[in-house]
Amino acid sequence: MPHPQIVASVLGADYSRLGGEVLDLVAAGVDRIQWDVMDGHFVPNLTFGADVIAACRSYTEVPFEAHLMVADPDAVLSDFVEAGCETIIVHVETCPHLHRTLSRIRELGARAGVAVNPASSLEFVPYVLEQLDHLLIMTVNPGFGGQDYIGAMEAKVSQARGLVRDSGRAIRIEVDGGISVDTAAAARTSGAELLVAGSALLTHPAGKRAAVEDLQRVLA
Ligand code: DX5
């Protein structure tokens, strides 16, 4: 399995200096930035749109991924690709025509990802293996940062790892929610290669660099 990557969620960042926060996270050593896009419908919270992401694109070269927690992702796919996101992650729960949505993301020139809520299954995966680049297993219920990690999702991560391995395809498996020095190793062992962390990076008393080093240490 590839070396684990740390993905910073900016959900809990200081929005009055978002570009600077992105710079600080990259300088601290994160591998990717995840933008938690929430519309107040699919999830209770409301965050940022494509224009905010576009405004931060020039601060760094690291990959941006858009985690679309929105009721109608098909309506906004091109906006987030144009904003500079190289991976677009839609929720299986919001895509009645998932095969077509993933194909559309690829047509737009981005990598196609699917996120799965804790109570949702992976039964769709075998039918979209050829359209899929990225599989995000939610380890919290989406909508908020700072929630407790749901350890029961490790079985789903392992199931996903088995499906991907048997497919022979280079599909990345990511986990998101409650990732910290206490949970990262188990998530990694279950089969995740990308680990999204928000509050663990943004609220560490010794700062973002120390937070990244702590996570890298438990993932070594
Ligand atoms: C939930 C969000 C969070 C966020 C990370 O919808 O997707 O999982 O990215 O939050 P923490 O790391 O604070 O749990």
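Parameters at a glance
- Residues numbered from 1 in each chain as written.
- Predicted model: local features only at pLDDT ≥ 70, side-chain atom pairs only at ≥ 80, totals over all residues.
- Heavy atoms only, no water.
- UniProt positions renumbered as here; feature names shortened; annotations may be inferred.
- Buried < 20%, exposed > 50% of the residue type's maximum accessible area, 1.4 Å probe, protein only.
- Contact = heavy atoms within 4.5 Å.
- Polar contact = N/O pair within 3.5 Å; in protein donor to acceptor, adjacent residues only side chain to side chain.
- Helix = DSSP H or I, 4+ residues; strand = E, 2+ residues; numbered from the N terminus.
- Near = heavy atom within 4 Å.
- Areas by Shrake-Rupley, 256 points an atom, 1.4 Å probe, with all protein chains shown as cover.
- Nonpolar A, V, L, I, M, F, W, Y, C, P; charged D, E, K, R; others polar.

- In the annotation of an unreviewed UniProt entry, the chain is listed under the name Ribulose-phosphate 3-epimerase and assigned to Actinomycetospora corticicola.
- Per UniProt, the comment on the chain under Catalytic activity (unreviewed entry) is "D-ribulose 5-phosphate = D-xylulose 5-phosphate".
- Among the UniProt annotations of the chain, the heading Sequence similarities (unreviewed entry) holds the following wording: "Belongs to the ribulose-phosphate 3-epimerase family."

## Re the UniProt feature "active site" (unreviewed entry) in the chain
Then, in step 1: Here the UniProt-annotated "active site" (unreviewed entry) positions come out as D36 and D176. Of the residues just listed, which span 141 residues, no C-alpha pair is farther apart than 10.5 Å, and they cluster in one region.
Then, in step 2: Among the residues examined, D36 registers a relative accessible area of 4% and is labelled buried.
Then, in step 3: In contact with D36, other than residues within four places in its own chain, are S9, L11, T47, F48, H67, M69 and D176.
Then, in step 4: A polar side-chain atom of D36 sits 2.6 Å from a polar atom in the side chain of S9.
Then, in step 5: For D176, the position within the fold is in strand β7 (residues 172–176).
Then, in step 6: By relative accessible area, D176 is classed as buried at 9%.
Then, in step 7: Those residues within four positions of D176 in sequence are excluded, and the remaining contacts are Q34, D36, H67, L136, I137, M138, T139, V140 and V196.

## Re the site of the ligand
Then, in step 1: In the region of the ligand, 20 residues are neighbours, and D36, G143, D176, G198 and S199 sit closest.
Then, in step 2: Here G146 contributes a backbone N or O atom positioned 2.8 Å from an oxygen atom of the ligand.
Then, in step 3: One of the side-chain N or O atoms of S199 is found 2.4 Å from an oxygen atom in the ligand.
Then, in step 4: Burial of the ligand by the surrounding chains reaches 99%, relative to a free accessible area of 370 Å².
Then, in step 5: When residues of the shell around the ligand are traced back to their parent elements, those giving at least two are β2 (32–38), β3 (64–69) and β8 (194–197).
Then, in step 6: The element best represented in the shell around the ligand is β2, accounting for three residues.
Then, in step 7: When its residues are assigned to classes, the shell around the ligand shows eight nonpolar, ten polar and two charged.

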